[in-house]
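Below, each chain spelled out in residue letters.
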Amino acid sequence: EVVWVDRDGRATRALADTGSWAEPRLSPDGRWIAVTQVAPKKTVMFYDVARKLITGLTHAPGVTFNPVWMPDSRHLIYDYETPQFDLHMIAIDGTGDTTVVSTPHDKYVTAVSSDGRLVAYTELTSGSSRTMIAPADGRGSRPAGSAWRE
């Protein structure tokens, strides 16, 4: 269940549907909630707060999850199984689904810069992980720090 919590700690349901949800993220302008529907298959949805309407956003054959808002509140970066997890960007109207980062390793988007130009993500490689930075337009990536063993 996805809920709003006020300053006094009172919770009220944020989504009208009580489906199986994960990773809720409020858009920067507060108008939408991006969320992963867990069952029957992980897929990215978004909820219009004013209209109380949930809409499927990704219609991929593989799983999609972990949506992160771009600063414009009109686009999301998310993980897409291709079969490894790659990073994609899509507009909230469902158009322009593009690959941002594709490598042979699994990746998990973690943040987007405040100007929307850079995407931070974690890449998993042979038992280790490292934080990477990539331009949001998909033109390559570079390590943001040292790799570490888990």
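The structure displayed is predicted, hence computed values, not measured ones.

Student: I keep staring at the sheet that holds strand β7 (residues 64-69) and nothing clicks. Help me out?
Tutor: In any sheet, the strands associate via hydrogen bonds between backbone groups, in a parallel or an antiparallel arrangement. Across the sheet, which stays open at both edges, the four strands sit in the order β7-β8-β9-β10 with antiparallel pairing between neighbours. The sheet is open, and its two borders are formed by β7 and β10 (98-101), each paired with just one other strand. The sheet shows a mean angle of 35 degrees between the axes of neighbouring strands, taken without regard to direction. For strand β8 (residues 75-81) and strand β9 (residues 85-91), the ladder comprises seven bridges, and the chain directions are antiparallel.

Student: Teacher, can you tell me more about the sheet that holds strand β3 (residues 21-26) here?
Tutor: Across the sheet, four strands lie side by side as β3-β4-β5-β6; this open sheet has antiparallel pairing. Each end of this open sheet is capped by a strand with a single partner; those strands are β3 and β6 (53-56). Strand-to-strand, the axes of this sheet are offset by a mean angle of 25 degrees, without reference to chain direction.

Student: Explanation requested: the side chain of asparagine 66 in the structure shown.
Tutor: Tracing the backbone shows asparagine 66 in strand β7. On the accessibility criterion, asparagine 66 (8% relative accessible area) is buried. Sequence-distant contacts of asparagine 66, defined by excluding residues within four places in its chain, comprise Glu23, Arg25, Thr36, Ile77, Tyr78, Asp79, Tyr108 and Val109.

Student: Before we go on, may I ask you to explain the confidence of the model for the protein in this structure?
Tutor: Do not read the fine detail of predicted coordinates wherever pLDDT is low. Per-residue pLDDT for the protein has a mean of 89; in total, 95% of the residues score no lower than 70. Considering only residues more than four positions removed or in separate chains, one finds that residues 146-150, a stretch of pLDDT under 50, has eleven contacts.

About the thresholds
Residues numbered from 1 in each chain as written. Predicted model: local features only at pLDDT ≥ 70, side-chain atom pairs only at ≥ 80, totals over all residues. Heavy atoms only, no water. Pairing = 2+ DSSP bridges. Helix = DSSP H or I, 4+ residues; strand = E, 2+ residues; numbered from the N terminus. Axes fitted to C-alpha atoms, helices over the stretch in contact; angles between N-to-C directions. Buried < 20%, exposed > 50% of the residue type's maximum accessible area, 1.4 Å probe, protein only. Contact = heavy atoms within 4.5 Å. pLDDT = per-residue confidence, 0-100.

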